[in-house]
Amino acid sequence: MASTSSDCSVEDVAKAAKFAFESSQLLPPDARSLALERIAERLEANKVPILAANSEDMQAAQVEVDAGRMSNAMLKRLDLGRGDKWDAMVNGVRDVASLADPTGVVTYATELDDNLELYRVTCPIGVLLVIFEARPEVVVNIAALAIKSGNAAILKGGKESNRTTLLLSKVIAEGLAQTSLPSTYIQAIQTRAEVSALLALDQYIDLVIPRGSNSLVKSIQNNTRIPVMGHADGLCHVYLDESAESEKAVRIVVDSKTDYPSACNAVETLIVHTSLLNTVWPEVARALLDAGVRLLCDSETLSALFASPSPHEGLGSNVSPATESSYRTEHLDLTLSVVTLPSVHAAIQFINAHSSHHTDTIVTESEQAATIFCRGVDSAGTFVNTSTRFSDGFRYGFGTEVGISTGRIHARGPVGLEGLVIYKYMMRSKADKGHIVGEFGVGEGKKSYKHAPINATVPF
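Residues numbered from 1 in each chain as written. Predicted model: local features only at pLDDT ≥ 70, side-chain atom pairs only at ≥ 80, totals over all residues. Heavy atoms only, no water.

Definition in use: UniProt positions are given in the numbering used here, feature names are shortened, and annotations may be inferred rather than shown by experiment.
The name given to the protein chain in an unreviewed UniProt entry is glutamate-5-semialdehyde dehydrogenase, with Scleroderma citrinum Foug A as the source organism. Within the UniProt record for the protein chain, the comment given under Function (unreviewed entry) is "Catalyzes the NADPH dependent reduction of L-gamma-glutamyl 5-phosphate into L-glutamate 5-semialdehyde and phosphate. The product spontaneously undergoes cyclization to form 1-pyrroline-5-carboxylate."

Structure below.
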């Protein structure tokens, strides 16, 4: 995997990526799947040294956390050995390899005239510049999706994961070296200065995908002409509707907050219907406090907790009044903002005003309320009776994801392979003399367009 150095300028990297993309377009899809299998094999063979490098990154990061220069949430994102993250990363590569080729798919086909056919066919975007913080597995996730979808990629990880990402990059390069794909298909850079230079090279780079903090995404959006796909915050909500059942509410809220608090799809604000203040809400609060969650409550939910006949022992230390800023904060830890509202319509208005349009859930037994919520909330994911943590490319069956998009471009929500392809129009005349526009129109001797649907298979 190439990286910039004194002998290789940033523009050289961008040019190499563009050339690699263009030269790879005539390779069969099987070549891309084979590359992913080789990469998965090399990852497995290098698990011990990769996790050792990650451990060194973690130790260095802990020093930064202890000094107050890094958050615990960032530290957790850095840990490649946490839970099943390693296995999920490697399995994700193979899952992507086994997925259907997203390119060359006909999405529209019509006959404009006898022997004149038009096809709309999916194709790769081009060269991706992917910038991310902390999570080293993103190197592998992005590489897998880019390769499978026929896109070249330039990757920039955070300095806090340099040891891990450099070794992962090396392993990916080893896998690519065993295939027919260009060696510069996936490249890595190391510094912010290189990122700044690449953001100006819109003649070579087709899409920027930032994964990280609000400040990172906003900075990139404000400093490039290249289209940007991503999300700045993960301000997710769970709304407990008036018909919400206690056990279901407890399960969904606790999982949404505690399963992985630093993830962008963890819930940050809980909305409680007014009618639940003395019934479901105290039970949900007790379960959250038992799980070590700190609650930032509005006056109504706060009063209901202190008025409880059996108040929780954590009320004094883990329950505080909320402020307006509480509902615009991505806590990324075991902190949850809570607010009371009188209806599903009020909840929708609150979410649309305060959320980052990522993922929001309603807990309800009312089909009408569920329908109103899902249609009214303007987010990439609107769920009914499920944890917000389901908002994930792997869980959706995408194999893995390049990120979560909350924008209004062609891809929204978890972006898998389908989000990394666009389309081109292909037309072919089979007439002896070809076709010209001048033969069509109104009047004597002019032809009209047929626009007749045809078999959706590209004949070339």
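Picking up where we left off.
1. Observations concerning the domain arrangement of the protein chain
Basically, it comes down to this: Boundaries between domains were set according to an automatic or database domain assignment. Contacts are residue-level and defined by heavy atoms, with any inter-residue pair within 4.5 Å sufficient. Two parts placed together each lose some accessible area under a 1.4 Å probe, and the buried area is that loss summed for both. Take a side-chain nitrogen of Lys or Arg and a carboxyl oxygen of Asp or Glu: if they are within 4 Å of each other, that pair is a salt bridge. N or O atoms within 3.5 Å of each other form a polar contact, as long as, within protein, one can give a hydrogen and the other can take it, and as long as residues adjacent in sequence are counted only when both atoms are side-chain atoms. Strands are runs of DSSP state E lasting at least 2 residues, helices are runs of H or I lasting at least 4, and numbering of each runs from the N terminus.
Under the domain assignment, the protein chain is made up of domain 1 (10-222) and domain 2 (236-395). Relative placement of domain 1 and domain 2: their C-alpha centres are 34 Å apart. Listed per partner, the contact involves 7 residues of domain 1 and 7 residues of domain 2. Together domain 1 and domain 2 conceal approximately 610 Å² of surface at their shared face, both sides included; 47% is due to carbon and sulfur atoms. Taken together, the connections running from domain 1 to domain 2 amount to 0 salt bridges. Here domain 1 and domain 2 share 1 residue pair in polar contact (both at pLDDT 80 or more) between them. Those elements that place two or more of their residues in the side of domain 1 that touches domain 2 are α4 (72-78) and α5 (85-98). Ranked by residues supplied to the side of domain 1 that touches domain 2, first place goes to α4 with 3 residues.

2. Concerning the packing of helix α2 (residues 29-45) against α5
For clarity, the threshold we go by: For helices, the fitted axis covers only the stretch in contact; all axes are lines through C-alpha atoms, and the angles between them, taken along N-to-C directions, range from 0 to 180 degrees. By definition in this entry, angles of less than 35 degrees are roughly parallel, angles greater than 145 are roughly antiparallel, angles of 65 to 115 are roughly perpendicular, and the rest are oblique. Definitions for this section: a left-handed crossing has its near helix turned counterclockwise from the far helix by less than a right angle. A right-handed crossing has that turn clockwise. Throughout this entry, Asp, Glu, Lys and Arg are counted as charged residues, while Ala, Val, Leu, Ile, Met, Phe, Trp, Tyr, Cys and Pro are counted as nonpolar. The remaining residues, Gly among them, count as polar.
Their axes nearest at 8 Å, the elements α2 and α5 cross at an angle of 160°. As judged from the angle between their axes, α2 and α5 are roughly antiparallel. Here α2 and α5 pass one another in a crossing that is left-handed. Touching Ser33, Leu36, Glu37, Ala40, Glu41, Leu43 and Glu44 of α2 are Trp86, Met89, Val90, Val93, Arg94, Val96 and Ala97, all from α5. Its residues placed into classes, the contact of α2 with α5 shows 9 nonpolar, 1 polar and 4 charged.

3. Details of a nonpolar patch on the surface
The criterion, for reference: Residues with no salt bridge and a relative accessible area higher than 30% make up the patches, which join like charges within 9 Å and nonpolar side chains (Val, Leu, Ile, Met, Phe, Trp, Tyr) within 5 Å. Areas reported as accessible are Shrake-Rupley estimates using a 1.4 Å probe. Residue values count occlusion only from the protein chains shown.
A contiguous nonpolar patch, built from Tyr108, Tyr423 and Tyr425 and spanning about 340 Å² of accessible area, is present on the exposed surface. Mapped onto the elements, tyrosine 425 comes out in strand β16 (residues 421-429).

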